[in-house]
Amino acid sequence: MARLIGVEVPDQKKIGIALRYIYGIGPTTARQVCTTATVDPNVRAKDLNDEQLAHLTTALQSYRIEGDLRREIQTNIKRKMSINCYQGIRHKKGLPVHGQRTSTNARTRKGPRKTVGVQRSKETKAPRV
C-alpha cells in the first residue's frame with residue numbers, strides 16, 4: 001500500500017479515488033491535488049513511482065488534513081460550547097446542530113429510543129374479576 005502523509009491509501013484504486021481515504025480530502029480536492037502534482041488521476045495507486053508520490057506529498061502539504069483538521073474542528077466545537085451559543089448548547093445536549101427536525105428523526109444524534117412511561121411489575125397489577 002502507498003503511504004501519503006502517514007495514511008495508507010488502497011493500491012487497487014485509482015489515485016483520484018484513493019486520495020479520498022485521507023481525512024479532509026474529497027472529490028474536488030483530490031482532483032486539484034492530482035493536477036498540481038501533475039499526476040494522472042486514473043493511474044492506480046500501486047503503479048505510482050517514487051517521484052509521483054513525492055509530488056503528491058508536496059501538493060498535500062498545502063492542505064489542512066488529518067490530525068490538524070480534526071484538532072481544529074474539535075477546538076471550534078469546544079469554543080462554541082464554552083460561549084454557550086446555540087450550536088454549542090445543541091452539542092452539549094447531543095442534539096442535531098444544523099436545524100434538523102427532532103420530532104421524528106435524529107436517531108443518530110439522540111441514540112436508540114428510550115420508552116417513557118410507567119413500568120408495572122406483576123405483583124402490583126390489580127387482579128381481574
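Now for a quick tour of the structure. (Residues numbered from 1 in each chain as written. Predicted model: local features only at pLDDT ≥ 70, side-chain atom pairs only at ≥ 80, totals over all residues. Heavy atoms only, no water.)

Side note on the overall build of the protein
Step number 1: Per the secondary structure count, the protein includes six helices and two strands.
Step number 2: Since a compact globule built from 129 residues should have a radius of gyration of about 14 Å, the 24 Å found for the protein marks it as more spread out than a globular shape.
Step number 3: Across its three principal directions, the C-alpha atoms of the protein cover 85 × 40 × 25 Å.
Step number 4: When burial is assessed residue by residue, the protein has 26% of its 129 residues classed as buried.
Step number 5: Within the protein, contacts between residues separated by at least 24 positions form 45% of all contacts whose residues are at least 6 apart in sequence.
Step number 6: As presented, the protein carries roughly 9,600 Å² of accessible surface, and 50% of it is formed by carbon and sulfur atoms. (Helix = DSSP H or I, 4+ residues; strand = E, 2+ residues; numbered from the N terminus. Rg over C-alpha atoms; globule rule 2.2 N^0.38 Å. Buried < 20%, exposed > 50% of the residue type's maximum accessible area, 1.4 Å probe, protein only. Contact = heavy atoms within 4.5 Å. Areas by Shrake-Rupley, 256 points an atom, 1.4 Å probe, with all protein chains shown as cover.)

Some details on the pattern of salt bridges
Step number 1: Applying the stated criterion across every chain, the model contains four salt bridges.
Step number 2: In this structure, arginine 70 and glutamate 66 form a salt bridge, with 3.8 Å as the shortest nitrogen-oxygen distance. Of this pair, arginine 70 and glutamate 66 both sit in helix H4 (residues 66-82), four residues apart, which is roughly one turn of that helix.
Step number 3: Among the ionic pairs, arginine 71 bridges to aspartate 68, the shortest N-O distance being 3.1 Å. Of this pair, arginine 71 and aspartate 68 both sit in helix H4, separated by three residues, roughly a single helical turn. (Salt bridge = Lys/Arg side-chain N within 4 Å of Asp/Glu carboxyl O.)

Brief notes about a positive patch on the surface
Step number 1: Taken together, the side chains of Lys13, Lys14, Arg44 and Lys46 make up a positively charged region of the molecular surface.
Step number 2: Structurally, the position occupied by lysine 46 is in the loop between helix H2 (27-36) and helix H3 (50-60). (Patch = residues over 30% accessible without salt bridge, like charges linked within 9 Å, V, L, I, M, F, W, Y side chains within 5 Å. Lys, Arg positive; Asp, Glu negative; His and termini not counted. Charge placed at Lys NZ, Arg CZ, Asp CG, Glu CD.)

What about H4?
Step number 1: If you check H4, its first and last C-alpha atoms are 25 Å apart, about what 17 residues at 1.5 Å a residue would give, namely 24 Å.
Step number 2: Asparagine 84 lies just past H4 and shows a positive phi near 55 degrees. (Expected span 1.5 Å × (residues − 1).)

Observations concerning the packing of aromatic side chains
Step number 1: Tallied over the entire structure, the rule returns zero aromatic pairs.
Step number 2: A cation sits over an aromatic face here: arginine 70 above tyrosine 23, 4.0 Å from the ring centre. (Phe/Tyr/Trp six-rings, centres within 6.5 Å; stacked < 30°, edge-to-face > 60°. Lys NZ or Arg CZ within 6 Å of the ring centre and 35° of its normal.)

Here's the deal with unusual backbone geometry
What you tend to see is this: most non-glycine residues have negative phi, and most peptide bonds are trans.
Step number 1: The backbone of glutamate 66 sits at a positive phi, close to 50 degrees, despite the residue not being glycine.
Step number 2: One non-glycine residue, alanine 106, adopts positive backbone phi at about 70 degrees.
Step number 3: Relative to the elements of secondary structure, alanine 106 occurs in the loop between helix H5 (86-93) and helix H6 (107-110).
Step number 4: Look at alanine 106 and you get buried, because its relative accessible area is 16%.

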